[in-house]
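A closer look at the structure
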Amino acid sequence: KNQVEQSPQSLIILEGKNCTLQCNYTVSPFSNLRWYKQDTGRGPVSLTIMTFSENTKSNGRYTATLDADTKQSSLHITASQLSDSASYICVVSERGSTLGRLYFGRGTQLTVWP
Amino acid sequence: DTGVSQDPRHKITKRGQNVTFRCDPISEHNRLYWYRQTLGQGPEFLTYFQNEAQLEKSRLLSDRFSAERPKGSFSTLEIQRTEQGDSAMYLCASSQDSNQPQHFGDGTRLSIL
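**Notes on a nonpolar patch on the surface**
Residues and elements named next belong to chain A. On the surface, Ile12, Leu14 and Trp113 cluster together into a nonpolar patch covering about 330 Å² of accessible area. For Leu14, the location among the structural elements is in strand β2 (residues 10-14). Taking relative accessible area as the criterion, Leu14 reaches 46% and is therefore assigned partly exposed.

Okay, here's the thing in structure tokens:
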């Protein structure tokens, strides 16, 4: 069964601190992995997308890593800001799927305190 | 704003009523998806269109649910005889192809009284 598991479920950090969110998946065959940020009451917004051959990708203060052998990914947030408070969702796409269907994790709820 | 737009943003209705939501995707995107999201969960796939063709429906999409995309542009999702368990955020997303990020709308939050 294709699954995406994220940890921790929730996280509270102080403004300016760094944090790392984890994602483990069993989706196979693998096509790509995406991290989305979802603010409360809004739709998810894409942060990064990585294919099988990519190990790391950055988008500003966000850096995503991918280990396709162990089927793990992480999202590192540097120098957190209050606006980083959101749910971060790991999403995995299945290779060969012409439908582009995605498998979503439950998300990590990040709260940044001043 | 040329992103994905959904209407209405909020819908409150009594159990047993029918509701219809609309999604306008990004204009050049031929793929359109509907998802349902409940509190504390990630989005769950409901159905997918490529142009006007509905290519896949999830088991979550019971016979009370129907989706259309008549001209390959906007899409509607209708729920008939709503139940309390239908209360959720209904998200629409669009993309150019399966390798491009899906762009999400801000969803329609449905509350069943």
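**A short note on the interface of chain B and chain A**
Of the residues lining the interface, 23 residues belong to chain B; the matching set on chain A comes to 21 residues. Between chain B and chain A, a total of about 1700 Å² is buried, with carbon and sulfur atoms accounting for 48% of that surface. Among the residues of chain B in contact with chain A, B:Glu56, B:Phe104 and B:Asp106 are the three that bury the most area, contributing 23% of the side total. At the boundary of chain B with chain A, the tally comes to 1 salt bridge. Between A:Arg42 and B:Asp106 there is a salt bridge, and its shortest N-O distance comes to 2.8 Å. Our count for the contact surface shared by chain B and chain A stands at 6 residue pairs in polar contact (both at pLDDT 80 or more). Elements with a contribution of two residues or more to the side of chain B that touches chain A: β4 (31-37), β5 (44-50), β6 (53-57) and β9 (88-95) of chain B. With 4 residues, the top contributor of residues to the side of chain B that touches chain A is β4(B). Partitioning the side of chain B that touches chain A into residue classes produces 10 nonpolar, 9 polar and 4 charged.

**With respect to the pairing of β5(B)**
On a regular strand, each side chain points to the face opposite its neighbour's, so the side chains alternate between the two faces of the sheet. Residues and elements named next belong to chain B. Taking burial as the measure, the 7 residues of β5 include 5 buried ones, the bulk of the element. Two strands pair when backbone bridges link them, and β4 and β5 are joined in this way by 6 bridges, in the antiparallel orientation. Opposite Arg31, over in β5, you have Gln50 as the bridge partner. Linkage of β4 to β5, two consecutive antiparallel strands, is achieved through a turn of 6 residues, within which Gly40 is found at a positive phi near 80 degrees. As defined by bridge partners, β5 adjoins β6 across 4 bridges and the pair is classed as antiparallel. Across the sheet, residue Thr47 finds its bridge partner in β6, namely Lys57. Where β5 folds back onto β6 in an antiparallel hairpin, the turn is made up of 2 residues, including Asn51, whose phi is positive at roughly 55 degrees.

**A word on the state of the cysteines**
As used in these notes, a disulfide is a covalent bond between sulfur atoms, one from each of two cysteines. In the structure shown here, the tally under the stated rule is 2 disulfides over all chains. Paired through a disulfide, A:Cys23 and A:Cys90 show a sulfur-sulfur distance of 2.0 Å. One quick way to see it: the torsion about the S-S bond of A:Cys23 and A:Cys90 is about -70 degrees, and its sign makes the bridge left-handed. With A:Cys23 in strand β3 (residues 19-25) and A:Cys90 in strand β9 (residues 86-94), this residue pair connects regions lying 67 residues apart in the sequence. We note that A:Cys23, like A:Cys90, is buried. Bridging B:Cys23 to B:Cys92, the disulfide has an S-S length of 1.9 Å. Because the torsion about its S-S bond is -65 degrees, the bridge between B:Cys23 and B:Cys92 counts as left-handed. Of the two residues, B:Cys23 is situated in strand β3 (residues 19-24) and B:Cys92 in strand β9; the sequence distance between them amounts to 69 residues. Neither residue differs from the other here; B:Cys23 and B:Cys92 are each classed as buried. Here A:Cys19 stays unpaired: no disulfide links it, and the sulfur of A:Cys90, its closest cysteine neighbor, is 15 Å away.

What counts and what doesn't
- Residues numbered from 1 in each chain as written.
- Chains lettered and ligands numbered in written order.
- Predicted model: local features only at pLDDT ≥ 70, side-chain atom pairs only at ≥ 80, totals over all residues.
- Heavy atoms only, no water.
- Patch = residues over 30% accessible without salt bridge, like charges linked within 9 Å, V, L, I, M, F, W, Y side chains within 5 Å.
- Areas by Shrake-Rupley, 256 points an atom, 1.4 Å probe, with all protein chains shown as cover.
- Salt bridge = Lys/Arg side-chain N within 4 Å of Asp/Glu carboxyl O.
- Helix = DSSP H or I, 4+ residues; strand = E, 2+ residues; numbered from the N terminus.
- Buried < 20%, exposed > 50% of the residue type's maximum accessible area, 1.4 Å probe, protein only.
- Contact = heavy atoms within 4.5 Å.
- Buried area = accessible area lost by both parts, 1.4 Å probe.
- Polar contact = N/O pair within 3.5 Å; in protein donor to acceptor, adjacent residues only side chain to side chain.
- Nonpolar A, V, L, I, M, F, W, Y, C, P; charged D, E, K, R; others polar.
- Pairing = 2+ DSSP bridges.
- Disulfide = S-S within 2.5 Å.

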